[in-house]
Amino acid sequence: VKMNVMHWHIVDAVAFPYVSAAYPQLAKHGAFSPQERFTAGDISAVVEYARVRGVRVLVELDTPGHSGSYCYGMPEICPSPFCTSTNINNWALDITKNITYEVVNTLLTELTGLFPDQYIHLGGDEVETYCWTQHPEIMKWLAEHNLTPEGGFGYYFHKVTKMAEALNRHVIGWQEIWDTFGTSLTKGTIIQQWLPNSIALPLNVTNHGYQLIWSDSSVWYLDHLAITWQQMYAAEPCNGLPDANCKLILGGEGAMWGETVDTSDSLQTIFPRAAAIAERLWSPRATAIDNYTPDRLSNLRCLMESRDIPVAPIFNPLARSAPTGPGSCYTQ
């Protein structure tokens, strides 16, 4: 299995496990528990483990949405106390306060020191402005700056992009930043597609000379258990694109989100289907499933199991489910 990048979505709305040197209160109050945190030493160990195996580690600091966990440790950068929504995904950072930008800039500075990769992911997806609209001071600030809530998101994202670029990083963001800002984005910004069944977005992005990472959730989201390895293998990021546009597709990603997995089943959810994505990405566009593909996947499964890596059967209709009966790892 050839994989060369691990994309680490290190914090999210539900938890802030990264132990910041400048703001330890974020993890103290935002992590699930003291044992479920990532220290600088933990991160350095992961980055080095990956490096010696030829794998780059790309970190994502997803803001201003997916940031509800910040509010436990630093409520001063959140739209409290006016937002009473119990849906943590409605909470986006308060984009009107200087301290918000100071915190984000400091976190980016810390993370670029821990992750040497030239790219950094700034998220920008699923930004809910509900809590902004419930906050009179935020709405007043937006009016004074002649901005809608969507315009406020743009103000924030462009400012944070400049922070990352000042740290000598190339910026990646989810496709909503293209849908919202289009060509006002810095030309070097890389768009990651995730919304399902979209041919129009890669064509639009690349027609304007921007690069794209393909991770269509209808086929390459590993937490979607009903997607088979055959469907993942058949998906081709350049389908529907002229050759000139295909050159702007940097690659693809099989995304494993953590809402419905833990250490008891994460590897079985990822493998063997991630191997189908990997072979697709490292193969010529014309490559298709043939009579030998299942054999290669079965051989990989047995090899990984011999190394004590749990891998799900390849012939199950639902990922990570148990075998339907006894048998060899080569035939299940």
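Please read all numbers here as calculations on a predicted model, not as lab measurements.

### Digging into the overall build of the chain
Helix and strand counts for the chain stand at 15 helices and 7 strands. Compactness check: the chain gives a C-alpha radius of gyration of 21 Å against a globular reference of 20 Å for 332 residues, within 12% of the reference. Projecting the C-alpha coordinates of the chain onto the three principal axes gives extents of approximately 65 × 50 × 35 Å. Out of the 332 residues in the chain, the part that is buried amounts to 50%. Expressed as a percentage of contacts within the chain between residues at least 6 apart in sequence, the contacts between residues at least 24 apart total 65%.

### Remarks on the state of the cysteines
Considering all chains together, one arrives at 3 disulfides under this definition. Paired through a disulfide, Cys238 and Cys246 show a sulfur-sulfur distance of 1.9 Å. Disulfide Cys238-Cys246: torsion about the S-S bond near 80°, hence right-handed. According to the relative accessible area criterion, Cys246 is buried, its value standing at 16%. Note on cysteine connectivity: Cys302 is disulfide-linked to Cys329, with sulfurs 2.0 Å apart. Sign of the S-S torsion, about 125° for the bond between Cys302 and Cys329, identifies this disulfide as right-handed. One end of the pair, Cys302, is in helix 15 (residues 293–306); the other, Cys329, is in the segment after helix 15, with 27 residues separating them in the sequence. Taken individually, Cys302 and Cys329 each receive the classification buried, so the pair is uniform in this respect.

### A short note on helix 7 (residues 149–166)
Taking 1.5 Å of rise per residue, the 18 residues of helix 7 would be expected to cover 26 Å, and the 26 Å separating its terminal C-alpha atoms lies within 8% of that figure. Three or more residues of helix 7 are buried, namely Gly152, Phe153, Gly154, Tyr156, Phe157, Val160, Thr161, Met163 and Ala164. At the C-terminal side of helix 7, Asn168 shows a positive phi close to 65°.

### As for the environment of Gly152
Mapping Gly152 onto the fold places it in helix 7. Taking the relative accessible area as the measure of exposure, Gly152 reaches 0% and is therefore buried. Those residues in contact with Gly152 that lie beyond four places of it in its chain are Ile95, Leu142 and Leu147.

### Some words on helix 6 (residues 136–144)
Every buried residue belonging to helix 6 is among Ile138, Trp141 and Leu142, and all of these are buried. Looking down the long axis of helix 6, one finds its buried residues gathered within 100° of arc, a one-sided arrangement. The exposed residues of helix 6 that point more than 90 degrees off its buried face are Ala143 and Glu144. On its buried face, helix 6 is in contact with helix 5 (130–133) and helix 7. Just beyond helix 6, the residue with positive phi is Asn146, at close to 55°.

### Some thoughts on the nonpolar core
If you look at the biggest cluster of nonpolar residues, it comprises 79 residues, and the most contacted ones within it are Tyr18, Tyr70, Leu107 and Phe115. Those residues within four positions of Leu107 in sequence are excluded, and the remaining contacts are Phe16, Tyr18, Ser20, Tyr23, Leu26, Leu61 and Tyr70.

### Side note on the pattern of salt bridges
Taken as a whole and assessed by the stated rule, the structure comprises 8 salt bridges. Between Asp117 and Arg56 there is a salt bridge, and its shortest N-O distance comes to 2.5 Å. Here the residue Asp117 occupies a position in the loop between helix 4 (98–114) and strand 3 (119–123), and Arg56 occupies one in strand 2 (residues 56–63), the gap between them amounting to 61 residues. Judged by its relative accessible area of 35%, Arg56 is partly exposed.

Definitions and cut-offs
- Residues numbered from 1 in each chain as written.
- Predicted model: local features only at pLDDT ≥ 70, side-chain atom pairs only at ≥ 80, totals over all residues.
- Heavy atoms only, no water.
- Helix = DSSP H or I, 4+ residues; strand = E, 2+ residues; numbered from the N terminus.
- Rg over C-alpha atoms; globule rule 2.2 N^0.38 Å.
- Buried < 20%, exposed > 50% of the residue type's maximum accessible area, 1.4 Å probe, protein only.
- Contact = heavy atoms within 4.5 Å.
- Disulfide = S-S within 2.5 Å.
- Expected span 1.5 Å × (residues − 1).
- Arc of directions from axis to C-beta.
- Core = buried A, V, L, I, M, F, W, Y, C linked by side-chain atoms within 4.5 Å.
- Salt bridge = Lys/Arg side-chain N within 4 Å of Asp/Glu carboxyl O.

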